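One letter stands for each residue in the lines below.
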Amino acid sequence: MANNNIFDPGLLVKFSNLPLIAKTVVEGFISGLHKSPHRGFSVEFSEHREYTPGEDLRYLDWKVFGRTDRFYVKVFREETNLKAYILLDTSNSMNYGSRSVTKLQYGVMLASILSYLMVKQKDAVGLVTFDTEVREFIKPMSTVSHLQNIFGALEKTEAGGETSLGTVLNRIALNIKKRSLIILLSDLMDDQGEIIRGLSHFRHRHNEVIVLHLLDPAEHELPFDGDCEFRDMESGERVLAGVPYVRKAYLKLMQEFLDSIRKSCGENRIEYAMTSTDVAFDSFLHSYLKSR
Amino acid sequence: MGFLYPYFLWALAGISLPVLIHLFSRKKGKPVLFPSLRFLKAARSMTGRRKKIEEIIILVLRTLLLFSLLIILSGPVLKVSSPFSREGHIIFIVDDSFSMDASAGLSSSEKLKDVLSEALSFIRKPARLALIYLSGEVFPFTHNYSEAASFIKRKDISWQAGNLPLAMEKALKMLEKERGDKIICFFTDLQKRPWNDVSFPEFGKKNVRFLVFDTGNAGINNAGFKRIYFIPGSSGITAEIQNWGDRETSAEIAVSGGQWQKTASFLLKPGALEAISVDIPDTTGRITGSISTGDILSADDNYYFSFAQGPGEKVLVIGDPAETFYIEKALKAVSGEKREVVLISPEGSGDIFPESYSVLFVSCSGRLPEGMAEKVYRYLTEGGSMVCFPGNRVLAAGFNRSWQPAEKFIPFLMPARLKSVKTFAKAAGVGETASFHPLFLPLKGAVHQHTKTVIFRQLFTLDDISGDVLMKTSDGLPLLLEKKIGRGRVLLFTFPMDDTWTNIHYRPFFPVLVNNIFEHLSGTGADTFTAGNKVRMNVPYGTEKVHLYSPDGEKKELQKNPSDEIVFFPPKPGFWTLEFLRKNERVEKIIPVNVDALEGNLERIEIKEISKKIAGAGVTVVKKEKMREFLSKRNRTSEISPALLNAALLLLLLEIILINLLSSRKQGKTDAQNKL
């Protein structure tokens, strides 16, 4: 939830300086980790070592055990040449914010934070913004000056157009030649099948995919009263509904959608995390990294 | 139905506005931008119908609420016309039975008159009115209401029970050929008793409206006399007092016989019938019983009782001196000179006036004078008594002929016909006696002790026994028989008082027996009569004039009918006296008249029971307090507005409940939030 601290998106959005936001959040977050068990993004398998009782069983290599009947644990090393693409959905629906932060603003800040974090780890990071078309495509690099480019692109980002996630993801996947880490920041307001097909395309090309699902609190609460005339931000379509009557059904459908997306991602070995735009960045990063 | 402020009804047109708005307006909700309508559209299609239904319900409720309020503002009134239509025929059946007297304070007679007069005041010409009282009086159809009002004013509550079925019959007959509206109004205290014999299953087809005006009160307690009676041979009278109510009542009874008075206190349990025995110094004359219970129905708190012998202890003995000697001695042996015994030979008995005597003793061997049997018959039917010994030389056939009058309507007067004389080889003793009979009751079961020395050498055998055998020989031959004729009794011995027949007249038992016979025959209570009921009585033979004296001493001459009977209806309780005059002789007969005891039962009838008895009449019962409102042409605003107001409040309540239910659904959002 939103806190009155440096990680509060409602507070951070008031600063227009993205590098500062990113730096503040990442430094603050890292300093808070201390002996954190989290492995971060930039880790790669290096070798096997014989298992010693007491070690974390998560790193046991079961395939080796299957072949040799002996316990070995995987040893990782920091990867220095990881390429990551942050895909930011800039469709009109992302421009929705029932409180102080829109989904797009939240996505921009989150993208800048992740970029900063990865460059700080010497990883190369790129940025793709899109709606129905790709609006910006910055190839990944690990230099600080490159980071400035990303921040610059993010600061210029504006919402516009409808969402066509499936098509555009396929198109982006074709443009990424080398195995990369794909981080999608989107509200996923599109046909679920299309979305999953687009993301699977990345998986077929041996990319790691992480979906960070951004939702406004109003989307999973529907906190309105009486009769409301809802206007679709993308299509402009209008619907009159008595909120007290439809709320229960709406929330049920929304929950089914979220469960379905989560399940489909799991089936396609796509990491999925949902966050609400009122959740502080440190809380989100904490909970997300913990689950990895 | 009408309205006091009808201009408010114009506003009813406004009710259509919300309906029209609901039907034709396109609702505009609060504009809200939303990222995607995908789920909203799906949710709306799932719940849209229910919302529509709820909206319609609220619309209906609000419209009805508005409608009710506007109607209330318009001042709705029910204009009910008086049930007394101008073209109709109206009959007031008036319950003037004495139960209507159950009223504290002002005389209920006056109250009833007031109620009737008030009801009468609502009748308008050309409607015709008739009055029928349950006591029997009828005032025929008239337009002259003032005459009817005078009749009402004159007529007090009767002391009678009344006859409702008869009154209803009369009313229906009077209405049968009339046209226009027909109404029977029954003014009553709703006492259950008059309805007992009422049954008019076809009433509904008569096209007669039946209105009941309830002038009575529920929950009135009453206790009263049921009867006073005397058991011959006992030393007192027994008074039966009934507590008709459901409350325990303490009461005091006072019994007085002129020179003396006896009192007793007792407690009457709810619904109980108490028998109170009161010892009295003598069994002559008039006895008045009164109880004080504090109830408000006083008519049954007094009871009038008299012993049968109006003429006192005067006995006539007819027979030859040899035959009547022992009877006279026996009669005087117990009472001394107090008892007057008149001896007459059979030949001189043609001129007697039996009604002057309490008991006749006849012991004769020859034929009786012409007309004697008829004279005795009339005497017996009105409560006289006769004891008969067959004479020593009498022949069975002659005896039978003497007591079989030539007139066909007069039955054979004796309890049996004599057949022949039976002579016993060995004298017979007294065998079985009817020890329970008042004759032998004073002997307390020791009859045999008294009769063991009595023997019979000869007896008349009998034929055609029509009476009860009270005493037999040890062989089972009848010695004494009793027969009731009218209200009187005849006792017949089957032997004369002659030494060749029996020694009974020498034995000490004889005066005891004769005295018991006298007590039995003369000491029984006279019949009591009920106020309002017919009293029919044979006039003593040779009576020239009959006078009737009311309890207040008012004298009235009664005319004999061709059958030598007098008929009259004593209208109120008390000691009435009949005076029979012939030549220089005068005989009095006391007629104790009491109210109908059962009328004291004030149990009220249920309205549904009335409806059953008067099938199809659609009975309307109106309390006397509501009568004016019911009979007047009236506006009953008070009955409509509260009902409408209640309806409006109910609608408001329903709407509030519905809206609360809807808003409680909104609360559901918090739960959903927590889920996410």
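Bear in mind that the values here come from a model prediction, so they are computed numbers and not experimental data.

J.: I'd like a rundown of the overall build of chain B, residues and numbers included.
T.: Secondary structure assignment for chain B yields 13 helices and 34 strands. The proportion of buried residues among the 676 residues of chain B is 50%. Restricting the contact set of chain B to residue pairs at least 6 apart, pairs at least 24 apart contribute 74%. As presented, chain B carries roughly 32,000 Å² of accessible surface, and 53% of it is formed by carbon and sulfur atoms.

J.: Report on helix α8 (residues 243-267) of chain A, specifying residues and quantitative values.
T.: Residues three or four positions apart in an α-helix share a direction because the helix packs 3.6 residues into each turn. For α8 of chain A, with 25 residues, the first-to-last C-alpha span of 35 Å sits near the 36 Å given by 1.5 Å per residue. Where α8 of chain A ends, the next residue or the one after it, R269 of chain A, has phi of about 55°, a positive value.

J.: Go over the environment of E629 of chain B with me, naming the residues and quoting the values.
T.: Relative to the helices and strands, E629 of chain B resides in helix α12 (residues 627-631). Taking the C-alpha atoms as reference, E629 of chain B lies 9.1 Å from S82 of chain B; in sequence the two are 547 residues apart.

J.: Give me the packing of aromatic side chains: which residues, what numbers.
T.: Going through the model one piece at a time under the given rule, you end up with 32 aromatic pairs over all chains. A centroid spacing of 5.7 Å and a plane angle of 55° characterise the contact between Y85 of chain A and F137 of chain A, whose relative ring orientation is tilted. Of this pair, Y85 of chain A sits in strand β3 (residues 83-89) while F137 of chain A sits in strand β5 (residues 134-141), and the two are 52 residues apart along the sequence. Judged by relative accessible area, Y85 of chain A falls into the buried class, the value being 7%. With relative accessibility at 28%, the residue F137 of chain A sits in the partly exposed group. Between F460 of chain B and W501 of chain B, the aromatic rings sit 5.1 Å apart at their centres with planes inclined by 35°, giving tilted as the arrangement. Here F460 of chain B is found in strand β22 (residues 455-463), whereas its partner W501 of chain B is found in the loop between β25 (488-493) and α10 (509-523), with 41 residues between them in sequence. Its relative accessible area of 3% is what places F460 of chain B among the buried residues. Joined through ring pairs, the aromatic side chains of Y96, F224, F230, Y250 and F257 of chain A together with F34 and F39 of chain B make up one cluster. Above the plane of the ring of F257 of chain A lies R38 of chain B, whose end atom (NZ or CZ) is 4.9 Å from the centre.

J.: Let's hear about the sheet that holds strand β11 (residues 236-243) of chain B: which residues, and what values?
T.: Residue and element names in this part refer to chain B. Overall, antiparallel pairing links the 3 strands, which are arranged β10-β11-β14 in an open sheet. At either margin of the open sheet sits one strand with a lone partner, and together these are β10 (223-230) and β14 (273-279). Taken over all neighbouring pairs, the strand axes of this sheet differ in orientation by 25° on average, direction set aside. Here 7 bridges tie β11 to β14, and the two strands are oriented antiparallel to one another. If you follow T238 over to β14, its bridge partner there is S277.

J.: Break down the interface of chain A and chain B for me, with residues and values.
T.: Listed as interface residues are 38 residues of chain A and, on the opposing side, 31 residues of chain B. Both faces combined, the contact of chain A with chain B buries some 3,600 Å², and carbon together with sulfur accounts for 67% of it. Linking chain A with chain B are 1 salt bridge, by the criterion used here. In this structure, K41 of chain B engages E237 of chain A in a salt bridge whose closest nitrogen and oxygen atoms are separated by 2.8 Å.

J.: So what about the sheet that holds strand β9 (residues 209-214) of chain B? Which residues, and what values?
T.: Residues and elements named next belong to chain B. Reading across the sheet, the 6 strands line up as β7-β6-β5-β8-β9-β33 and stay open at both edges, with mixed pairing between neighbours. The open sheet has two free edges, formed respectively by β7 (138-142) and β33 (620-623), since each of these has just one partner strand. If you compare each strand with its neighbour and ignore which way they point, the axes differ by 20° on average. Bridging between β9 and β33 involves 4 bridges; their strand directions are parallel. From the neighbouring strand, F213 faces β33, where its bridge partner is V622. In the packing of helix α4 (residues 145-154) onto the sheet, contacts are made with β6 (128-133) and β7, and the angle to β6 comes to roughly 15°. The strands that helix α5 (residues 164-176) touches are β5 (89-94), β6, β7, β8 (182-188) and β9; relative to β5, the one it contacts most, it runs at about 170°.

J.: Before we move on, can you summarise the confidence of the model for chain A with the specific residues and values?
T.: Summing up the model confidence of chain A, the mean pLDDT is 81 and the portion of residues at 70 or higher is 83%. A low-confidence stretch, residues 33-40 of chain A stays under pLDDT 50, and its non-local contacts, those more than four residues away or across chains, total 10 contacts.

J.: Describe α5 of chain B, naming the residues involved and giving the relevant values.
T.: All names here are of chain B. For α5, which comprises 13 residues, the first-to-last C-alpha distance of 18 Å matches the rise-based estimate of 18 Å (1.5 Å per residue) to within 8%. Those residues of α5 lying buried are L164, P165, A167, M168, A171, L172 and L175. The buried side chains of α5 occupy one side of the element, clustering within an arc of 160° when seen end-on. Seen from the open side of α5, the exposed residues pointing more than 90 degrees away from its buried face are K173 and E176. Contacts from the buried residues of α5 go to β5, β6, β7, β8 and β9. Looking at where α5 begins, the residue whose side-chain oxygen comes 3.1 Å from the main-chain nitrogen of L166 is N163.

J.: Residues and numbers for the packing of helix α6 (residues 165-175) of chain A against helix α7 (residues 192-204) of chain A, please.
T.: All names here are of chain A. At their nearest, the axes of α6 and α7 sit 7 Å apart, and the two run at 10° to each other. Between α6 and α7, the angle falls in the class roughly parallel. Across the interface between the two elements, L165, G166, L169, N170, I172, A173 and L174 from α6 touch E194, I195, R197, G198, L199, H201 and F202 from α7. Of the residues contributing to the contact of α6 with α7, the split by class is 8 nonpolar, 4 polar and 2 charged.

J.: Help me get a handle on the side chain of D131 of chain A, residues and values and all.
T.: Following the sequence through the fold, D131 of chain A ends up in the loop between β4 (124-130) and β5. Contacts of D131 of chain A, omitting those with residues within four sequence positions, involve T90, S91, G160, G161, E162, S164 and V168 of chain A.

J.: Give me the environment of D156 of chain B: which residues, what numbers.
T.: Residue and element names in this part refer to chain B. Here D156 is to be found in the loop between α4 and α5. When its relative accessible area of 43% is taken as the criterion, D156 is described as partly exposed. A C-alpha to C-alpha distance of 9.8 Å links D156 and S97, two positions 59 residues apart in sequence. With near-sequence residues (within four places) excluded, D156 lies in contact with D96, S109 and K113.

J.: Kindly report on the confidence of the model for chain B, identifying the contributing residues and their values.
T.: All names here are of chain B. Averaged over all residues, the pLDDT of chain B is 82; the fraction at 70 or higher stands at 90%. Looking over chain B, one finds the lowest element-wise mean pLDDT in strand β34 (residues 634-635), namely 56, and the highest in β6, namely 94. Segment residues 669-676 is flagged for pLDDT under 50; beyond a separation of four residues in sequence, or across chains, it makes 10 contacts in the model. Here the predicted complex scores 0.50 on pTM and 0.75 on ipTM.

J.: An account of a nonpolar patch on the surface is needed here, citing residue identities and associated values.
T.: A grouping of Y5, Y7, F8, W10 and L73 of chain B is seen on the molecular surface, where their side chains present a nonpolar patch of about 610 Å² in accessible area. Along the chain, Y5 of chain B falls in the loop between β1 (2-3) and α1 (16-24).

Each value, and the rule that gives it
Residues numbered from 1 in each chain as written. Chains lettered and ligands numbered in written order. Predicted model: local features only at pLDDT ≥ 70, side-chain atom pairs only at ≥ 80, totals over all residues. Heavy atoms only, no water. Helix = DSSP H or I, 4+ residues; strand = E, 2+ residues; numbered from the N terminus. Buried < 20%, exposed > 50% of the residue type's maximum accessible area, 1.4 Å probe, protein only. Contact = heavy atoms within 4.5 Å. Areas by Shrake-Rupley, 256 points an atom, 1.4 Å probe, with all protein chains shown as cover. Expected span 1.5 Å × (residues − 1). Phe/Tyr/Trp six-rings, centres within 6.5 Å; stacked < 30°, edge-to-face > 60°. Lys NZ or Arg CZ within 6 Å of the ring centre and 35° of its normal. Pairing = 2+ DSSP bridges. Axes fitted to C-alpha atoms, helices over the stretch in contact; angles between N-to-C directions. Buried area = accessible area lost by both parts, 1.4 Å probe. Salt bridge = Lys/Arg side-chain N within 4 Å of Asp/Glu carboxyl O. pLDDT = per-residue confidence, 0-100. Arc of directions from axis to C-beta. Polar contact = N/O pair within 3.5 Å; in protein donor to acceptor, adjacent residues only side chain to side chain. Parallel < 35°, antiparallel > 145°, perpendicular 65-115°, else oblique. Nonpolar A, V, L, I, M, F, W, Y, C, P; charged D, E, K, R; others polar. Patch = residues over 30% accessible without salt bridge, like charges linked within 9 Å, V, L, I, M, F, W, Y side chains within 5 Å.

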